[in-house]
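As a plain string of letters, each chain reads:
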Amino acid sequence: MKVFITSFVILAVAGSGMAIKCFVCNTQTDPACDDHMQSKSPALQNAFLQECEVKANQSEPFCRKVKEYIHTNSVVRVHRECGYMMREGYECYQKRSEDYVMDVCQCEKDLCNDSPSLTAPISSLLAVAIPLLARFM
């Protein structure tokens, strides 16, 4: 019985040590989550840092940062979150729609979704400039 309990405790501790820690926030609810977040700040780490839950029947969690350019009202939002369905073969990729452009970056290390710009700055500039040019043509 002692062996069973000891094994259970060791597995529980080892399992919790393997979870990844990501920043989880959204500029729509807290502007401190913006693209130039001060990730070294203990206050912001306390507010936004979370251990990603390991879910049954899901792949290992990872960190994700999404920068969304909403054309209809010229808003830029940043979402930082835990992800569970990684897009294989890409560190960063872009999703486009008529109303928005999203730059999405994914990573597998603790605190890795803190960087100000994981994608090339030119893609961000183009994401904003193309709809503006189309609007005035």
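See above for the structure.
Rules used in this analysis
- Residues numbered from 1 in each chain as written.
- Predicted model: local features only at pLDDT ≥ 70, side-chain atom pairs only at ≥ 80, totals over all residues.
- Heavy atoms only, no water.
- Pairing = 2+ DSSP bridges.
- Helix = DSSP H or I, 4+ residues; strand = E, 2+ residues; numbered from the N terminus.
- Core = buried A, V, L, I, M, F, W, Y, C linked by side-chain atoms within 4.5 Å.
- Buried < 20%, exposed > 50% of the residue type's maximum accessible area, 1.4 Å probe, protein only.
- Contact = heavy atoms within 4.5 Å.

Enquirer: Give me the lowdown on the sheet that holds strand E2 (residues 25-26), citing residues and values where you can.
Expert: An order of E2-E5-E4-E7-E6 is seen for the five strands of this open sheet, with the pairing classed as antiparallel. This sheet does not close on itself; its edge strands, each paired only once, are E2 and strand E6 (92-96). Bridge analysis of E6 against strand E7 (residues 100-107) gives five bridges, and the strand direction is antiparallel. Bridge pairing in E7 links Cys 92 to Cys 105.

Enquirer: Just give me the short version of the nonpolar core, but keep the residues and values in it.
Expert: The biggest cluster of nonpolar side chains holds eight residues, and these are Ile 20, Cys 22, Cys 52, Cys 63, Cys 82, Tyr 84, Cys 107 and Cys 112. Those residues within four positions of Tyr 84 in sequence are excluded, and the remaining contacts are Cys 52, Glu 53, Lys 55, Gln 58, Ser 59, Pro 61, Phe 62 and Arg 64. Formed by six residues, the second largest nonpolar core is a distinct cluster that contains Cys 25, Cys 33, Met 37 and Leu 44.

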